[in-house]
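Fold and contact review
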Amino acid sequence: MRQRHKPWADDYLNEHDHIVLPNPQQYKGKWSAFFGNDRPIHVEIGTGKGQFVSGMAKQHPDINFIGIELSKSVIVNAVEKVLASGQKNVVLLNENAENLTELFSASEISTIYLNFSDPWPKNRHEKRRLTYYTFLERYESCLNQTGELVLKTDNRSLFEYSVVSFSQFGMTLQEVNVDLHAIEDEFNIMTEYEEKFSAKGQPIYRCRAVFHQDSN
Ligand code: SAM
């Protein structure tokens, strides 16, 4: 996602530190205490402009949502979406997913969403893909026993790569959908990228995978 540098982003994020949490490492192992309840915690990695995470928070008030986004210039848009939604069960972290295990303890997360992740098509950039095995190791350590990973993308190559990566890691695929919008899924919350690509007629791929076979 190319974004113009926004020199005011730091100030804006400081002004909204109840939504974009500074020093979120302090909440590792204490997210339930932070939210003040024991509801499941769902994490979106690469939240972008925040339509998905804010929409999901509204649709599921009984779940706590955390959106992680690397780019300051992008996350400011997500802050606006969260503010507009008025939801209290969602916060954002301006962090790199590489540091996931510094943010969450073992088993602290119920679901991780990867929505329209950067495909990094060149072989030499494979390690940057959010479905490379080093990322799967991080997800496995933070997800609980029944936790699942949900991937949505318009990019067929990334989808195929990810399905293989999950299988090689020993994960179990619970859904492999090569045309998500062909079915009526009234609960599907579209991301900004999903709206853009589906408007062009491109199929949207989705798969759900778990690390432990007994998960359901
Ligand atoms: N999920 C949004 C959507 O579907 O509209 C945005 C998709 S955009 C292609 C990918 C986003 O992931 C970018 O905003 C990028 O900054 C973010 N991102 C990429 N790598 C990341 C990482 N390692 N940690 C956190 N965010 C990351």
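Summarised in this report is the structure supplied together with it. (Residues numbered from 1 in each chain as written. Predicted model: local features only at pLDDT ≥ 70, side-chain atom pairs only at ≥ 80, totals over all residues. Heavy atoms only, no water.)

**Re the environment of Phe166**
- By the secondary structure assignment, Phe166 is in helix α7 (residues 156–168).
- Taking the relative accessible area as the measure of exposure, Phe166 reaches 0% and is therefore buried.
- Linking Phe166 and Asn123, residues 43 residues apart in sequence, is a C-alpha distance of 18 Å.
- Once you skip the residues sitting within four places of it in the chain, Phe166 turns out to touch Thr131, Leu136, Leu149, Met171, Leu173, Cys207 and Ala209. (Helix = DSSP H or I, 4+ residues; strand = E, 2+ residues; numbered from the N terminus. Buried < 20%, exposed > 50% of the residue type's maximum accessible area, 1.4 Å probe, protein only. Contact = heavy atoms within 4.5 Å.)

**Regarding the sheet that holds strand β5 (residues 143–153)**
- With respect to topology, seven strands assemble into an open sheet ordered β3-β2-β1-β4-β5-β7-β6, the strand pairing being mixed. The open sheet has two free edges, formed respectively by β3 (90–93) and β6 (172–177), since each of these has just one partner strand. Across the sheet, the mean angle separating the axes of adjacent strands is 15 degrees when strand polarity is ignored.
- Here strand β1 (residues 41–45) runs beside strand β4 (residues 109–115); their pairing, made up of four bridges, is parallel. Its bridge partner being in β4, His42 is matched across the sheet by Thr111.
- Across the sheet, α7 lies against β5, β6 and β7 (205–210), angled at about 15 degrees from β7, the strand it touches most. (Pairing = 2+ DSSP bridges. Axes fitted to C-alpha atoms, helices over the stretch in contact; angles between N-to-C directions.)

**Let's talk about the nonpolar core**
- With 36 residues, the main nonpolar core has Trp31, Ile45, Ile66, Phe104, Ile112 and Tyr139 as its most contacted residues.
- When near neighbours in sequence (up to four residues on either side) are disregarded, Ile112 contacts Val43, Ile45, Leu100, Tyr139, Leu143, Glu148, Leu149 and Val150.
- Among the nonpolar cores identified, the runner-up in size contains 21 residues, and Leu13, Phe65, Val76 and Val150 belong to it. (Core = buried A, V, L, I, M, F, W, Y, C linked by side-chain atoms within 4.5 Å.)

**Details of the site of the ligand**
- Residues in contact with the ligand amount to 18 residues; listed here are only the nearest, Gly46, Glu69, Asn96, Ala97 and Thr191.
- One of the backbone N or O atoms of Ala97 is found 2.9 Å from a nitrogen atom in the ligand.
- At 2.7 Å from an oxygen atom of the ligand is found a side-chain nitrogen or oxygen belonging to Thr191.
- With the chains in place, 93% of the 600 Å² that the ligand exposes on its own is no longer accessible.
- Here the shell around the ligand is built from residues that sort into six nonpolar, seven polar and five charged. (Near = heavy atom within 4 Å. Polar contact = N/O pair within 3.5 Å; in protein donor to acceptor, adjacent residues only side chain to side chain. Areas by Shrake-Rupley, 256 points an atom, 1.4 Å probe, with all protein chains shown as cover. Nonpolar A, V, L, I, M, F, W, Y, C, P; charged D, E, K, R; others polar.)

**Observations concerning helix α6 (residues 133–142)**
- The set of residues buried in α6 consists of Phe135, Leu136, Tyr139 and Cys142. One side of α6 carries all its buried residues, which in axial view fall inside an arc of 130 degrees.
- Looking at the packing, one finds that the buried side of α6 touches β1, α5 (100–103), β4, β5 and α7. (Arc of directions from axis to C-beta.)

**Overview of the state of the cysteines**
- Counting across every chain of the model gives zero disulfides.
- No disulfide involves Cys142; its sulfur sits 19 Å from that of Cys207, the nearest cysteine.
- Among the residues examined, Cys207 registers a relative accessible area of 0% and is labelled buried. (Disulfide = S-S within 2.5 Å.)

**Notes on the pairing of β5**
- For β5, the tally of buried residues reaches nine of eleven residues, placing the bulk of the element in the interior.
- When β4 meets β5, the two strands line up parallel, connected through six bridges. When the sheet's bridge partners are listed, Ile109 is paired in β5 with Leu143.
- In this region the chain leaves β4, passes through α6 and returns to the parallel neighbour β5; the handedness of that crossover is right-handed. (Right-handed = clockwise from strand over helix to strand, strands pointing away.)

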